[in-house]
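Structural characterization, general
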Amino acid sequence: MVPVRKILMTLALTGASLAVMTSAALAADAADILCEATLNTDCALLEEADSQSDEVVALECGDEIVLLSRDGALAEAAYEDGDEVYTGYISLENVTLESQGTARLLSVAAVLRETPSEEGTPVEMLNQGDELEILGYGDGWYLVSVGGETGYLPLENVDATVVTTAKLNLRAEASTKSKVCDVLPAGTELEPETAGVDGWLQVTYEGETGYVSCDYLSASEEYIVENPVMTVGEAVLAYAQQFLGNRYVWGGTSLTNGCDCSGFVMQIYAAFGVSLPHSSYAIRSYGTAVSYSDIQVGDVVCYSGHVGIYAGNGKIINALNSRKGICYTNVNFSKIITIRRLV
């Protein structure tokens, strides 16, 4: 299989992009590496992300490439032929992603996303213990395959040992200008402490905690499932919180451009595979009723003409009105009619 790092190093030296790639573009792509892949049919790299675009180079079934970034049904890819490295676009239908290891989901629940971003479109809701194929790694996210679906999971949701691919500095802070605490030999196995920031991972090595660059890590094939880090309800709340401050729009269902109370709850739970009606009244009959004494984060709280999601500490997160938009509100701001547990 073509080494990912060798491809990127060659690109950096040649400056190729389609025919020529700028260093700025390379830096952007380096943080968005998908994985290694093998062609499953004869095809070609294309100049643009368009199936009708001109060819850069013809490829044959069995050729090995590195996928750099996605663009819908196409992916930007790099192909090495001797001393030449070509980049272009290829249909994802023409490639087989190569597994780099297997793992299980660490958290109780996590959202598989189309892109490596908390704002990425949800693909599927996963549960603790789901088996994952690790396909790629970069910038704090794993590209995984699970149950026939492919998407991204944050590092903290997958209990995966990582391995240094080269001799690597352990730094005090997440910066190449920070103090070097130790030097890790190539092949060192590390247990991630956090998801890291800006392409850095916090780890502990021989009692010393510091940061290493994600550019020089790969997934290990040894994984251990540990204690859950997030309940399903907490995952629901975490997803809902990113829309705080957004607009309230009567009859709206857009979490970013405007929604009303039931539209907000409906769209939040849609990301977790739960289909709800756009009606605060109808939502009262979904899920299982729970008492106020048993209320948990993520439960849906129903009022007369209103609905919200319990956020803990006596608060709900809800699309309240046109003045306050999506905000926190006291759970007892109005008489509670019923509390529903949907997950």
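Residues numbered from 1 in each chain as written. Predicted model: local features only at pLDDT ≥ 70, side-chain atom pairs only at ≥ 80, totals over all residues. Heavy atoms only, no water.

What the protein chain contains, in helices and strands, is five helices and 28 strands. Long-range contacts, defined as pairs at least 24 residues apart, comprise 57% of the intrachain contacts of the protein chain with a sequence gap of at least 6. Carbon and sulfur atoms make up 45% of the accessible area of the protein chain, which amounts to about 16,000 Å² in all. (Helix = DSSP H or I, 4+ residues; strand = E, 2+ residues; numbered from the N terminus. Contact = heavy atoms within 4.5 Å. Areas by Shrake-Rupley, 256 points an atom, 1.4 Å probe, with all protein chains shown as cover.)

Once that is clear, we can look at the nonpolar core. Counting residues in each nonpolar core, the largest one holds 32 residues, and the members touching the most others are Phe264, Val265, Ile268 and Tyr269. Mapped onto this core, the elements with two or more residues apiece are helix H3 (232-241), helix H4 (261-270), strand S24 (300-303), strand S25 (306-312) and strand S26 (315-321). Dropping the residues within four chain positions of it, Val265 is found in contact with Leu276, Ile283, Val300, Val307, Gly308 and Ile309. Leu39, Cys43, Ala77 and Ile90 belong to the second largest nonpolar core, which has 13 residues in total. (Core = buried A, V, L, I, M, F, W, Y, C linked by side-chain atoms within 4.5 Å. Buried < 20%, exposed > 50% of the residue type's maximum accessible area, 1.4 Å probe, protein only.)

Burial runs high along H4: eight of the 10 residues are buried. Every buried residue belonging to H4 is among Cys261, Ser262, Gly263, Phe264, Val265, Met266, Ile268 and Tyr269, and all of these are buried.

Once that is clear, we can look at the confidence of the model for the protein chain. Per-residue pLDDT for the protein chain averages 76, and the proportion of residues at 70 or more is 74%. The low-confidence segment residues 1-33, where pLDDT is below 50, has 67 contacts with residues more than four positions distant or belonging to other chains. Scored below 50 in pLDDT, residues 221-230 makes 30 contacts in the model with residues more than four places away or belonging to other chains. (pLDDT = per-residue confidence, 0-100.)

On to the packing of aromatic side chains. Scanning the model with the defined rule gives three aromatic pairs in all. Pairing Tyr239 with Phe243 gives two aromatic rings, centres 5.3 Å apart and planes at 85°, and the pair type is edge-to-face. A residue is classified by how much of its surface remains accessible, and Tyr239, at 10% relative accessible area, is buried. Overall, the relative accessible area of 9% leaves Phe243 in the buried class. When the ring of Tyr239 is compared with that of Phe272, the centres are 5.9 Å apart and the planes differ by 75°; the resulting orientation is edge-to-face. One end of the pair, Tyr239, is in helix H3; the other, Phe272, is in the loop between H4 and helix H5 (280-283), and 33 residues separate them in sequence. These aromatic residues form a ring-pair network of at least three members: Tyr239, Phe243 and Phe272. (Phe/Tyr/Trp six-rings, centres within 6.5 Å; stacked < 30°, edge-to-face > 60°.)

Here we come to the packing of H3 against H4. Between H3 and H4, the shortest axis-to-axis distance is 10 Å and the interhelical angle comes to 120°. Considered as vectors, H3 and H4 are oriented oblique to each other. Along this stretch, H3 crosses H4, giving a crossing that reads as right-handed. Counting all contacts with H3, which are made through Val236, Tyr239 and Ala240, the residues of H4 involved are Phe264, Gln267, Ile268 and Tyr269. A class-by-class count of the residues in the contact of H3 with H4 yields six nonpolar, one polar and no charged. (Axes fitted to C-alpha atoms, helices over the stretch in contact; angles between N-to-C directions. Parallel < 35°, antiparallel > 145°, perpendicular 65-115°, else oblique. Left-handed = near helix turned anticlockwise from the far one by under 90°. Nonpolar A, V, L, I, M, F, W, Y, C, P; charged D, E, K, R; others polar.)

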